[in-house]
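Structure assessment
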Amino acid sequence: MGAMPSSVIADLRSDTVTTPTPEMREAMARAEVGDDVYGEDPTVNELQAEVARLTGFEAGLFMPSGSMTNQVAIALHTRRGEEVICAEGSHIYEWELGMMAAFSGVVPRFVTAPLGVPDPEDVRLAVRHSVHQSPTGLISLENTHNKAGGTIIPLEVIEQIRAVADAEGLPLHLDGARVFNAAAALDVPLSEITRHFHTVSVCLSKGLGAPVGSVLVGTAGQMKQAHRYRKMLGGGMRQAGVLAAAALVALRDGPARLQADHRRARVLAEALAGAGYRVNLAAVQTNIIYVTLPDAAAHVARWAEHGVLASALGPDSVRFVLHHQVGDDALAGAMDVLLQDRAVAGALK
Ligand SMILES: *Cc1c(COP(=O)(O)O)cnc(C)c1O
């Protein structure tokens, strides 16, 4: 990304761009801390217990990123040479830099997943136990699914895939970077989704708005081993309570704001579609919008000059992500820029 324009109307590149709220900064300043590698940071311990409670798990472990919580989970569940079954486009493979191979020695086996939702029967057929093939070590789902457009896996499908995992004797992990968005959109408690999994990773620094951090949840025994893997990856953070304090505020205030992000995403998506942009409205289920637009980077660069930031994720793909620091006024300002862009009108002809 180049230099920021002098005045940003709306930063829609990601929901990771949110900055700490005044309440978060205050909590950070007041946070009680200790050495978390020794397990002695009371604020980190409180955060871990709170995420475990909300997800219905025994224990949690705070880490600097969602990539780390996912990769530690993969290490917990698998042995070298195994396969991880996941939906095509899954973050654990697509955006985690080959780390499942580099750290755990495992490879992905993709199943097709229209709108990010794998067919449970395809998952069953992808499982391998034969002596001639890499055995399956883990099934991993992503909810909401980022690359498919922030899409939700229906609860019945999760139940059916859990039944496949049980029948095959396999663990089921959830990359729940945005599982709070899924819960908000379905209007169910978080645990209605998370209870079907053996481990879940949850990002606090996405739509919930914390500056840093993710939590992995599982059994206390798993978290003991996860602590070791986190240390191997350089993720032991010492007085991390200052970060956990902000994350606790995000957990308290964040979930209630997500439905407004989803509403604004819908408004923007429909306006873009109405103006001729190519948007799959069926995929706009939470806070993410993908637009198909040739020469994406050039358009994104031009909008940036007008104060609207988006991500070019491929030669003809643009992503907009709503978050709590883009309110109705900012959204209206962004729509003015995007809907009156004559260069886009030309490209869409
Ligand atoms: C953002 C994200 C992660 C974690 O990303 P980090 O940048 O490592 O925190 C994991 N899974 C999904 C689906 C994500 O969108």
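Residue positions within a chain follow its written sequence, with the count starting from 1. Since the coordinates come from a predicted model, pLDDT governs what is reported: local features require at least 70, and pairs of side-chain atoms require 80 or more to be given and counted, while whole-chain, interface and lining totals use all residues. The basis for the side-chain values is all heavy atoms of the structure; hydrogens and waters are excluded.

An unreviewed UniProt entry annotates the protein as Threonine aldolase of Deinococcus aerophilus. UniProt positions are given in the numbering used here, feature names are shortened, and annotations may be inferred rather than shown by experiment. Per UniProt, the protein carries the Cofactor (unreviewed entry) text "pyridoxal 5'-phosphate". What UniProt states about the protein under its Sequence similarities (unreviewed entry) heading is, verbatim, "Belongs to the threonine aldolase family."

1. Thoughts on the site of the ligand
By convention in these notes, a residue is near a molecule or strand provided one of its non-hydrogen atoms lies within 4 Å of it. Every one of the 13 residues lining the ligand counts as a neighbour, but G66, S67, D175, R178 and K206 are closest to it. D175 places a side-chain nitrogen or oxygen 2.6 Å from a nitrogen atom of the ligand. Between N or O atoms, a polar contact is any pair within 3.5 Å; within protein, one atom must be a potential hydrogen donor and the other a potential acceptor, and residues adjacent in sequence are included only when both atoms are from side chains. R178 places a side-chain nitrogen or oxygen 2.8 Å from an oxygen atom of the ligand. Helix numbering and strand numbering both begin at the N terminus, where a helix is a DSSP run of H or I of at least 4 residues and a strand a DSSP run of E of at least 2. The element that contributes the greatest number of residues to the shell around the ligand is helix α3 (residues 66-77), accounting for 3 residues. Amino acids outside the nonpolar list (Ala, Val, Leu, Ile, Met, Phe, Trp, Tyr, Cys, Pro) and the charged list (Asp, Glu, Lys, Arg) are all regarded as polar, and Gly is one of them. Taken together, the residues of the shell around the ligand break down into 2 nonpolar, 6 polar and 5 charged.

2. A short note on helix α13 (residues 296-305)
Those residues of α13 lying buried are A296, H299, V300, W303 and A304. An end-on view of α13 places all buried positions within 140° of arc, on one side of the element. More than 90 degrees from the buried face of α13, the exposed residues found are A297 and E305. By the convention used here, residues are in contact when the closest approach between their heavy atoms is within 4.5 Å. Against the buried residues of α13 lie β11 (308-309), β12 (311-312), β13 (317-321), α14 (328-339) and α15 (342-348). Note on exposure labels: buried denotes an accessible area under 20% of the residue type's maximum, exposed denotes more than 50%, and partly exposed covers the range between, all computed with a 1.4 Å probe on protein chains only. What the arc describes is the spread of directions from the helix axis to the C-beta atoms.

3. Observations concerning the UniProt feature "domain: Aromatic amino acid beta-eliminating lyase/threonine aldolase" (unreviewed entry) in the protein
As annotated by UniProt and renumbered to match this structure, "domain: Aromatic amino acid beta-eliminating lyase/threonine aldolase" (unreviewed entry) occupies residues 11-292. Counted over residues 11-292, helix gives 43% and strand 16%. Its end C-alpha atoms are 19 Å apart.

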